[in-house]
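Okay, here's what each chain looks like letter by letter:
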Amino acid sequence: MAPAAVSAPAPAATTVPAPIKPIVAPATVTFNTQALFASDKKARESAAAELAALAKKDGPAAFINADFATAAVKALNDKKSPAKREGAAKAISTFASKCPTAIELIIVNSIEKGVMSTLLETFADKMPVVAKAAVKAVKDITSRMSPWATATLLPILLKQIKENGKYQVKIGCLEILDNLVTKAPFQVAKLTPDIISVLAEAVWDTKAEVKKAAKESLTKTTSLVSNKDVEKLIPALIKALQNPVEEVPNTIMLLSATTFVSEVDAPTLSLMVPLLARGINEKATATRRKVAVIVNNMSKLVDNEYTIRPFVPKLLPGLIKMEEGMADPEARSVTQRAIKTLREVSKIPEGDGSDLPPLKLADAAAIAKIVVGVYTKVGVTSAPKATDPDVVYISELAASLVASRNFEVADWEKALSPYLAFITVTPEPKAIARDVLLKCTNEDDEDDDDEEVPEDEEQGEDLCNCQFSLAYGAKILLNTATLRLKRGHRYGLCGRNGIGKSTFMRAITNGQVEGFPLPDQVRTFYVEHDIDGSEESTTVLSFILDDERVDATKEEVIEILASVGFTDVRQQHAIGSLSGGWKMKLALARAILFRADILLLDEPTNHLDVVNVAWLEQYLTSLTTCTSIIVSHDSSFLNNVITDVLHLNRFKIKRYRGNLEAFVKAVPEAKSNYSLQVDSHYKFRFPEPPFLDGVKTKEKALMKMRKVGFQYATQPVQQLYDITL
């Protein structure tokens, strides 16, 4: 399926304004919520089923119209009526099973004195049946809620663990946290900086039951650490959190003996930083020196400042103080290196990091305005308000996606569509989700542009300067992306696998990139080594001469072919007899004769040996008037050839000056795609070969060859001589 150029990936325009479902409560309440909290159990169940049926029909509007949240909080706080408290909790369980998405939007939040907060406090109810019902209600809600709502729920959960004086509440909240680790491991892993600091305090609780539960939660949460270097040390790190006085020096010794090669992410830092912060305050110079070594090595493997910034206030002030008071010159020098690395990675050139302004992360309130704007643009008769409960909740989910740097269309559609459907069914909720994603991406790019993308100030001729959008079927590849190409530059097209690099180059070749120069203005040639099967019997020379795009005489063709290694004899060979390397040379010769202004090369080093790769590097770097766009997983080749990087990321193209090394330095998270990291923990093991049937020994030769030769059927010259085995 060919990619399609699109002017905008917005939902299809509607001729009639789309109707929108009312979400704001009317002046009169349509459902008597007191029936949910009646003394009679059957009456409560009947009322809950009735309201659930309304919610299935009307969505969260049913609960908002009935003012269920206010009524539920009041019932849960009624100390005189266990029936009301139990009824409120059981009603929520009923809604969670029968209309989970609608009630989730009402219940899941961290509002002080809200329904969720009050339910958590009910874990300590004096009536066991009420406490049990409250625990079940929270479990029913959290087991069915969107995993992206974890960030919305977590603050109130951690607050109860940290501050609530009743051990039943703490244990219940720890149990809910354990369930979230299982349900939403990716989302919980991103939030470990907040979680582990609370759990590290909870393991010191005076109540033995809380200590035990906190230790189990800490073990489960730290299981999300995927760093292979630290994985084996997790038990020791947990032990150091529980018994820091005795265990910190020993654990620091273990860490200092570890070679860090894997990326250091937020879960890893969450586990290590408390230990390192304590190690900074140790008396022994040797221990503090080891801490500096660990910080230096660890910081180098952090992908961006967003990951490490939350931990800087716990490390940098202590390191600065440690460096100022160290008498040992060598230990002081090691500490200075650690401080320098930490500053570079966290982008804090001065100060101790204790009064850092918060990083500009996703703002749910701003996203709410984006959601409203999208609906206004598509022409709904009465656009929702940014303060509407459904818009607020959708915006919080979107903010969680943005904070996780997740800009995958499928994930946004899956996360937002069920809740967008409560607002309007036309345009399709998935189309609205895509539009919200693109708007959020553009906002995020505007924040990053000043830091990441230099102004294009070089002198030279512009071959292309266009803005366009590109889609592949229903998948958005690029949205209002800008492509600017200078003559003579060599651009490496970079991005993670599957993002659409090859599709983009094909789109250029097929004329599907809006605004890209026409063939009569700029000659563009797509270099590929694959030869059509129907042409296998054609000779090399005829293959070039028969190509109508080639602008050269026969003599010029022969000369160019000879310049890339095709002798007179080899020019008469059928192209079907050529190896992959020679096919690539043939494709390059054809591109030279095409006299291209822009060469598009997709994995040009495939099938080339070391000598031919070196030849290709020399050829490309010798081009002064021809521009190249290159896709390659050969990091060394790409680094040696390119002058700029075009980074495909979040539906945009960003240009970075310099080679691949400069790009990876500017965008550390790209390192995993363009460097081969050898992990000492991975080993290949092949089974010992067994004895063949009827053979009792491995000493005796089963087959011998002497003076054997080999020749390809299509080649006039023999390739191998006198082989003896």
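All values derive from a computational prediction rather than experimental measurement.

Participant: Any details on the pairing of strand β6 (residues 598–602)? Residues and values, ideally.
Facilitator: Within β6, five of the five residues are buried, leaving the element largely enclosed by the surrounding structure. Burial along β6 is two-sided: Ile598, Leu600 and Asp602 and Leu599 and Leu601, pointing in opposite directions, are all buried. As paired elements, strand β5 (residues 524–527) and β6 share four bridges and run parallel to each other. Counterpart to threonine 524 in the pairing with β6 is isoleucine 598. Pairing analysis gives five bridges linking β6 to strand β7 (residues 627–631), with the strands arranged parallel. Each bridged residue has a counterpart across the sheet, and for aspartate 602 the counterpart in β7 is valine 631.

Participant: Tell me about the nonpolar core, residues and numbers included.
Facilitator: In terms of nonpolar packing, the biggest core is built from 150 residues, with Leu36, Phe63, Phe68, Phe95 and Leu416 touching the most fellow members. For phenylalanine 63, the contacting residues outside a window of four places in its chain are Leu51, Ala55, Phe68, Phe95, Cys99, Ala102, Ile103 and Ile106. Ranked by size, the runner-up nonpolar core spans 30 residues in total, among them Ala587, Tyr619, Val664 and Val667.

Participant: Explain the packing of helix α14 (residues 234–242) against helix α16 (residues 266–280) to me, and be specific about the residues and the numbers.
Facilitator: Look at α14 against α16: their axes get within 10 Å of each other, and the N-to-C directions meet at 50°. Classified by the angle between their axes, α14 and α16 sit oblique to one another. The two elements α14 and α16 meet at a crossing, and its hand is left-handed. On α16, the residues that touch Ile234, Leu237, Ala240 and Leu241 of α14 are Leu271, Met272, Pro274 and Leu275. Along the lines of polarity and charge, the residues of the contact of α14 with α16 split into eight nonpolar, no polar and no charged.

Participant: Pulling in residues and values, what's your account of the side chain of threonine 192?
Facilitator: Take threonine 192: it is sitting in helix α11 (residues 192–202). The class for threonine 192 is buried, based on a relative accessible area of 1%. Reaching out from threonine 192, the side chain makes a polar contact with the backbone oxygen of alanine 189 at a distance of 2.8 Å. When neighbours within four sequence positions are excluded, threonine 192 is seen to be in contact with Thr221, Ala266, Pro267 and Ser270.

Participant: Can you lay out the pattern of salt bridges for me, pointing to particular residues and giving the numbers?
Facilitator: Counted according to the given criterion, the structure contains 23 salt bridges. In this structure, lysine 139 and glutamate 175 form a salt bridge, with 2.4 Å as the shortest nitrogen-oxygen distance. Of this pair, lysine 139 sits in helix α7 (residues 128–144) while glutamate 175 sits in helix α9 (residues 167–183), and the two are 36 residues apart along the sequence. Note that glutamate 556 is salt-bridged to arginine 595, the shortest N-O span being 3.5 Å. Of this pair, glutamate 556 sits in helix α27 (residues 554–563) while arginine 595 sits in the loop between α28 (580–594) and β6, and the two are 39 residues apart along the sequence. For glutamate 556, a relative accessible area of 32% corresponds to the partly exposed category. Looking at arginine 595, the relative accessible area reads 41%, which means it is partly exposed.

The rules behind these values
Residues numbered from 1 in each chain as written. Predicted model: local features only at pLDDT ≥ 70, side-chain atom pairs only at ≥ 80, totals over all residues. Heavy atoms only, no water. Buried < 20%, exposed > 50% of the residue type's maximum accessible area, 1.4 Å probe, protein only. Helix = DSSP H or I, 4+ residues; strand = E, 2+ residues; numbered from the N terminus. Pairing = 2+ DSSP bridges. Core = buried A, V, L, I, M, F, W, Y, C linked by side-chain atoms within 4.5 Å. Contact = heavy atoms within 4.5 Å. Axes fitted to C-alpha atoms, helices over the stretch in contact; angles between N-to-C directions. Parallel < 35°, antiparallel > 145°, perpendicular 65-115°, else oblique. Left-handed = near helix turned anticlockwise from the far one by under 90°. Nonpolar A, V, L, I, M, F, W, Y, C, P; charged D, E, K, R; others polar. Polar contact = N/O pair within 3.5 Å; in protein donor to acceptor, adjacent residues only side chain to side chain. Salt bridge = Lys/Arg side-chain N within 4 Å of Asp/Glu carboxyl O.

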